[in-house]
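# Structural features, examined
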Amino acid sequence: MNIPILSFDLKAHITTARALSLLLMPLFIACSSEQNSVSQYEVEIDTTQFKKHITRLASDEFEGRMPFSEGEKKTVAYLEQEFINMGLEPGNGDSYLQEVPLVEIDAVPTTDLKINSSDEQISLRYRNDFVALTRRVTEQVYVEDSELVFCGFGIVAPEYDWNDYEGIDMRGKTAVVLVNDPGFGSDDTTFFKGNTMTYYGRWTYKYEEAARQGAEGVIIVHDTAPAGYPWGVVRSSWTGKALYLQSDDDNMSRCAFEGWINNTAARQIFSKAKISNYLGQAREQGFKPIPMNMTVSVALEASYVKASSPNVVAKLEGNKHSDEYIIYSAHWDHIGINEAVEGDSIYNGALDNASGVAAMLEIARAFSELPEKPERSIVFIAVTAEEQGLLGSAYYAEQPIYPIEKTVANINMDGIWFLGSMKDVTVVGYGQSELDEYISEAAAQQGRYVIPDPQPEKGYFFRSDHFNFAKVGIPALYASGESDHRQNGKAWTEQKNSEWTQKHYHQPSDEYVPEEWSFDGMAQDAELLFNVGYRLSNERYFPEWKSGSEFKTIRESYMQQ
């Protein structure tokens with residue numbers, strides 16, 4: 001995502017001469033009475049370094065940066081060497097690596113997904129109509145004649161007086177559930193959160209809840225609008241090798257299989273089950289599970305490998321309050337080598353997320369070249385296995401290197417747009433924490449304005465690594481310019497965003513294309529996020545979650561001890 005030229009420095013372009021890559025000049029920002037007035041710096045990011053990182057990390061040589069691959073080895077070595085070259089300290093004791101214990105499971109259906117009724121069998125084709133995986137660490141999974149039950153959105157939410165599993169024993173049964181949550185498409189913010197997706201709408205939650213209910217299987221009905229991505233993303237992301245955090249029970253407490261079906265197949269099944277207006281029924285308060293009088297059968301063969309994949313961690317120690325930390329994060333992984341599309345099987349992940357890693361590296365370089373270290377310590381974490389379910393950041397949140405009560409904030413970078421300078425700064429999760437004010441002040445210094453995520457129904461707040469920091473109470477910021485192009489405006493930007501999501505998200509075509517990529521806006525996003533972190537690193541205040549945030553009580557539970 002891209003950012004406009006600073007309003008007080010109207011250059012035609014950012015210089016690429018390394019000697020001028022860091023022009024530092026003091027900028028004083030008046031803070032609230034609870035905070036210190038701290039000196040901040042405008043830092044100018046070198047676009048040639050941005051280009052170097054992205055072209056290298058997104059090259060075919062790195063094989064799509066899949067954990068447990070040769071691409072992983074090359075990526076980790078590249079990141080570690082960059083941190084060493086900057087003079088940053090190892091972030092995990094004497095090591096730059098935090099090993100994340102994972103299991104890689106390559107599960108492939110050996111049959112169609114067979115839906116049986118009393119008088120007909122519907123066969124759904126793998127990839128075209130359905131996908132299915134297993135988290136269980138086993139070589140074979142057989143599900144035979146498991147009763148299908150329509151379980152609405154698959155949600156149990158006491159705070160909304162909502163239970164889609166009420167009154168049914170799901171043991172031996174397979175839940176069919178809808179994507180997103182009942183509030184999608186509603187302007188009533190008291191109905192869940194209206195058009196803003198809650199965590200109950202995420203596929204990760206639906207799989208977890210089905211397992212808690214004891215279901216044998218769970219199938220999510222895909223629909224592009226409420227999911228936020230087309231079927232092609234499901235096809236590429238839920239096929240091939242998958243990674244999960246290792247567990248003591250080898251994930252045997254999870255459902256035997258977790259899958260998706262496309263909307264066309266779903267309509268056929270609901271029609272056969274004589275369930276009309278299934279979306280409308282599922283959105284009714286008091287919905288009860290509906291037996292579909294059909295069964296499902298599927299078989300999967302699997303191989304697995306237990307190993308670890310590293311988070312790459314570096315630190316710049318503060319000169320005064322070194323036991324307090326600001327964490328910058330970006331995921332280094334992508335999908336690797338998968339199903340070929342138009343002859344290309346390498347999913348390079350240029351935007352997702354070589355761009356975010358490049359931003360983090362150049363922010364790290366800017367901090368490392370400051371004439372005086374900040375007061376608080378700055379930590380940079382390139383996390384693994386984000387594409388597999390935010391696993392690297394989840395592990396860090398469970399096994400933090402630095403105490404969470406001493407962690408001031410997380411600033412996450414995932415997809416820094418390449419379209420050019422933007423007038424806006426779009427904040428995903430705007431209204432959650434006081435970091436809104438920090439980003440607003442920093443944006444104003446660049447002549448930009450802050451807006452909330454214009455597509456809250458897509459649940460972006462739950463779809464990148466900042467979410468795992470938020471889950472343990474650490475205020476988290478996920479922001480970039482992506483909605484209002486400085487020259488071409490909002491409609492043009494929306495069209496470009498939609499086109500990229502439909503054609504390139506999680507596809508081999510997410511590549512660096514020199515004639516289409518602009519780095520000046522990307523660099524300014526990095527400058528913006530540097531300024532937020534710099535301010536945080538030189539004051540005594542700990543930003544808080546705002547009233548109404550679901551993360552506020554979590555933070556307060558340990559900060560007040």
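First, a word on what this report is: a plain description of the structure on this page.

### Some remarks on the overall build of the protein
Scanning the protein from N- to C-terminus turns up 14 helices and 23 strands. Each principal axis of the C-alpha distribution contributes one length, and for the protein these read about 75 × 50 × 50 Å. Relative to all contacts within the protein whose residues are 6 or more apart in sequence, the contacts with residues 24 or more apart total 83%. Element-wise, carbon and sulfur atoms account for 47% of the exposed surface of the protein, whose accessible area totals about 21,200 Å². Each charge sign in the protein was given a centre, from 48 positive and 83 negative side chains, and these centres are 1 Å apart.

### Here we look at the side chain of D510
Checked against the element boundaries, D510 lands in the loop between α12 (489-503) and α13 (520-537). Buried and unpaired, D510 has no salt bridge, with R65 as the nearest side chain of opposite charge at 6.7 Å. Every residue in contact with D510, bar those within four places of it in the chain, is listed here: H334, N348, G349, A350, L351, D352, W500 and H504.

### Observations concerning the packing of helix α8 (residues 350-368) against α13
Axes are the key here: two packed helices are described by the angle between their axes and the distance separating the axes. At a minimum axis separation of 9 Å, α8 and α13 run at an interaxial angle of 50°. Between α8 and α13, the interaxial angle falls into the category oblique. Seen along the crossing, α8 lies across α13 with a hand that is right-handed. For the pair α8 and α13, the contacting residues are S355, A359, I363, A366 and F367 in the first and M522, A526, L529, F530, G533, Y534 and S537 in the second. Classifying every residue of the contact of α8 with α13 by side-chain character gives 9 nonpolar, 3 polar and no charged.

### Here we look at helix α1 (residues 47-57)
By the burial criterion, the buried members of α1 are T47, Q49, F50, H53, I54 and L57. Along α1, the residues classed as buried sweep out an arc of 160° about the axis, all on the same side. Contacts from the buried residues of α1 go to α2 (70-86), α8 and α13.

### Examining the pattern of salt bridges
In total, this model carries 25 salt bridges according to the counting rule given. The residue E209 makes a salt bridge to R212 at a minimum N-O spacing of 2.9 Å. Here R212 and E209 lie together in helix α3 (residues 203-212), a separation of 3 residues that amounts to about one turn. According to the relative accessible area criterion, E209 is buried, its value standing at 7%. Note that K306 is salt-bridged to D250, the shortest N-O span being 2.8 Å. A residue pair is termed long-range when its members are at least 10 positions apart, and K306 in strand β15 (residues 290-316) and D250 in the loop between β13 (242-245) and β14 (257-261) qualify at 56 residues. Because the salt bridges share partners, they merge into one network encompassing K52, E82, E362 and R365.

### Focus on the pairing of strand β19 (residues 376-383)
Of all 8 residues in β19, 8 are buried; the element is thus mostly enclosed. Here β15 pairs with β19 via 5 bridges, running antiparallel. Residue V312 lies in a different strand from β19, and its bridge partner there is A382.

### Let's talk about the pairing of strand β21 (residues 424-427)
Of the two faces of β21, both are covered, the one formed by D424 and T426 as well as the one formed by V425 and V427. Relative to strand β22 (residues 449-452), β21 is paired through 4 bridges, and the arrangement is parallel. Counterpart to V427 in the pairing with β22 is P452. By the bridge criterion, 2 bridges tie β21 to strand β23 (residues 476-480) in an arrangement that is antiparallel. Opposite V427, over in β23, you have A479 as the bridge partner.

### Considering the side chain of R448
By the element assignment, R448 lies in the loop between α10 (435-445) and β22. For R448, a relative accessible area of 7% translates into the label buried. Reaching out from R448, the side chain makes a polar contact with the backbone oxygen of D424 at a distance of 2.6 Å. At a separation of 3.5 Å, a polar atom in the side chain of R448 contacts the side chain of D525.

### Let's talk about unusual backbone geometry
The amide bond that connects D352 to the next residue, N353, takes the cis arrangement and shows omega of 10°. The backbone phi angle of F192 is positive, close to 50°, even though this residue is not glycine. Structurally, F192 can be placed in the loop between β11 (173-178) and α3. Look at F192 and you get buried, because its relative accessible area is 3%.

### Side note on the packing of aromatic side chains
The geometry of an aromatic ring pair comes down to the distance between the two centres and the angle between the two planes. Tallied over the entire structure, the rule returns 42 aromatic pairs. Here the aromatic residues Y160, W162, F191, F192, Y199, Y200, Y205, F461, F462, F467, W545 and F551 are joined through ring pairs into a cluster of three or more. Above the ring of F542, the side-chain terminus of R376 is found at 4.8 Å from the ring centroid. Of note, K546 hangs over the ring of Y430, and the distance from its end group to the ring centre comes to 5.8 Å.

About the cut-offs
- Residues numbered from 1 in each chain as written.
- Predicted model: local features only at pLDDT ≥ 70, side-chain atom pairs only at ≥ 80, totals over all residues.
- Heavy atoms only, no water.
- Helix = DSSP H or I, 4+ residues; strand = E, 2+ residues; numbered from the N terminus.
- Contact = heavy atoms within 4.5 Å.
- Areas by Shrake-Rupley, 256 points an atom, 1.4 Å probe, with all protein chains shown as cover.
- Lys, Arg positive; Asp, Glu negative; His and termini not counted.
- Charge placed at Lys NZ, Arg CZ, Asp CG, Glu CD.
- Buried < 20%, exposed > 50% of the residue type's maximum accessible area, 1.4 Å probe, protein only.
- Salt bridge = Lys/Arg side-chain N within 4 Å of Asp/Glu carboxyl O.
- Axes fitted to C-alpha atoms, helices over the stretch in contact; angles between N-to-C directions.
- Parallel < 35°, antiparallel > 145°, perpendicular 65-115°, else oblique.
- Left-handed = near helix turned anticlockwise from the far one by under 90°.
- Nonpolar A, V, L, I, M, F, W, Y, C, P; charged D, E, K, R; others polar.
- Arc of directions from axis to C-beta.
- Pairing = 2+ DSSP bridges.
- Polar contact = N/O pair within 3.5 Å; in protein donor to acceptor, adjacent residues only side chain to side chain.
- Phe/Tyr/Trp six-rings, centres within 6.5 Å; stacked < 30°, edge-to-face > 60°.
- Lys NZ or Arg CZ within 6 Å of the ring centre and 35° of its normal.

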